[in-house]
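# Topology and contacts: notes
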Amino acid sequence: MKNHYVIERLGQSVEYIITETDTDDGTMYQLHRSLNNTWSKDCQGEILVTMINDGNGYNFKWKQEERKRLGYDEIEHLYLLIDYVRRMEGRTVYNVCQYG
């Protein structure tokens, strides 16, 4: 298992932890809340998003349930996880700019 920290830019504190694990189903990536005291005790270490690359695509779970509608915070969590995977796999990371 590999662990990576997501650090908040201003305070330099660890906000999230990304874990990468090889499983029988494929590579599993999970985004956890850190153990930082920014989070309440009952939220610390909580798994927010699980993403499994099964070789044919990705399967997702949010807080241990499968669904399609996401809240704004869940979109941010998904962005962090996908950005990490793209960078680790050496894929192109795009910069989006306003035009016109």
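Refer to the preceding data block for the structure.
Residues numbered from 1 in each chain as written. Predicted model: local features only at pLDDT ≥ 70, side-chain atom pairs only at ≥ 80, totals over all residues. Heavy atoms only, no water.

Remark on secondary structure: sheet strands pair via backbone hydrogen bonds, oriented parallel or antiparallel. As summarised here, the arrangement of the 5 strands in space is E1-E2-E3-E4-E5, forming an open sheet in which the pairing is antiparallel. A single partner strand is all that each edge strand has here, and the edge strands are strand E1 (2–7) and strand E5 (58–62). Mean inter-strand twist for the sheet, computed between neighbouring axes without regard to direction, equals 15°. The pairing of strand E4 (residues 47–53) with E5 spans 5 bridges and is antiparallel. In the sheet register, Val49 faces E5, and the bridge partner there is Trp62. (Pairing = 2+ DSSP bridges. Helix = DSSP H or I, 4+ residues; strand = E, 2+ residues; numbered from the N terminus. Axes fitted to C-alpha atoms, helices over the stretch in contact; angles between N-to-C directions.)

Turning to the pairing of E1, a few remarks are in order. Both E1 and strand E2 (residues 14–23) contribute to a ladder of 6 bridges, which runs antiparallel. If you follow Lys2 over to E2, its bridge partner there is Glu20. Here E1 hands over to E2 after 6 residues, with Gln12 in that stretch at a positive phi of 60°.

Its location among the elements puts Gly26 in strand E3 (residues 26–33). Once residues lying within four places of it in the same chain are set aside, the contact partners of Gly26 are Thr21, Ile52 and Asn53. (Contact = heavy atoms within 4.5 Å.)

What follows covers the nonpolar core. Judged by nonpolar contacts, the single largest core of 16 residues is most densely connected at Tyr16, Ile18, Tyr29, Leu31, Val49 and Leu81. Elements supplying a minimum of two residues to this core: E2, E3, E4 and helix H1 (72–88). With 5 residues, the top contributor of residues to this core is H1. Beyond its immediate chain neighbours, meaning those up to four positions away, Tyr29 contacts Thr19, Glu20, Val49, Thr50, Met51, Leu81, Tyr84, Val85 and Glu89. (Core = buried A, V, L, I, M, F, W, Y, C linked by side-chain atoms within 4.5 Å. Buried < 20%, exposed > 50% of the residue type's maximum accessible area, 1.4 Å probe, protein only.)

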